[in-house]
Amino acid sequence: MLEIRQLTKRFGENTAVDAANIIVDAPTMIGIIGRSGAGKSTLLRMLNRLSDATDGSVTFNGEE
């Protein structure tokens, strides 16, 4: 299970991802859509540990 809780990423005064909450219970294919500059790539970079979150947590199968 993947749990994203209150995940936030700020760049100075700008907030790219603001308190995202997502729970994926089983192996599932999901899509992330939004306009240009909405924070889609930033969210994926935090999930892949390419960028650290400012706040919040990502837990996969009980491990942060």
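Overview of the structure. (Residues numbered from 1 in each chain as written. Predicted model: local features only at pLDDT ≥ 70, side-chain atom pairs only at ≥ 80, totals over all residues. Heavy atoms only, no water.)

Here's the deal with the sheet that holds strand β3 (residues 55-60)
Piece 1. Sheet architecture is open: three strands sit in the order β2-β1-β3, paired in antiparallel fashion. Lying at the two open borders of the sheet, with one neighbouring strand each, are β2 (14-24) and β3. Along the sheet, successive strands turn relative to each other by an average axial angle of 20°, direction set aside.
Piece 2. Where strand β1 (residues 2-11) lies against β3, five bridges are found, and the strand directions are antiparallel. Considered in β3, the bridge of Glu 3 is made with Thr 59. (Pairing = 2+ DSSP bridges. Helix = DSSP H or I, 4+ residues; strand = E, 2+ residues; numbered from the N terminus. Axes fitted to C-alpha atoms, helices over the stretch in contact; angles between N-to-C directions.)

A word on the layout of surface pockets
Piece 1. Size it by volume and the largest pocket reaches roughly 240 Å³.
Piece 2. Broken down by secondary-structure element, the contributors of at least two residues to the lining of the largest pocket are β1, α1 (40-47) and β3.
Piece 3. Examining the composition of the lining of the largest pocket, we find that five residues originate from one element, β3, more than from any other.
Piece 4. For the lining of the largest pocket, a count of residues per class yields seven nonpolar, four polar and four charged.
Piece 5. What the second largest pocket holds in volume is close to 210 Å³.
Piece 6. Together, 14 residues line the second largest pocket, and Leu 2, Val 24, Ala 26, Thr 28 and Ile 30 are the ones closest to its centre.
Piece 7. If you list the elements that add at least two residues to the lining of the second largest pocket, you get β1, β2 and α1.
Piece 8. Ranked by residues supplied to the lining of the second largest pocket, first place goes to α1 with three residues.
Piece 9. Within the lining of the second largest pocket, the residues separate by chemical class into 13 nonpolar, one polar and no charged. (1 Å grid on protein atoms, 1.4 Å probe; cavity = no way out; pocket = protein on both sides within 12 Å on 5 of 7 lines; lining within 4 Å. Points joined across faces, edges and corners; volume = space filled by probe spheres on them. Nonpolar A, V, L, I, M, F, W, Y, C, P; charged D, E, K, R; others polar.)

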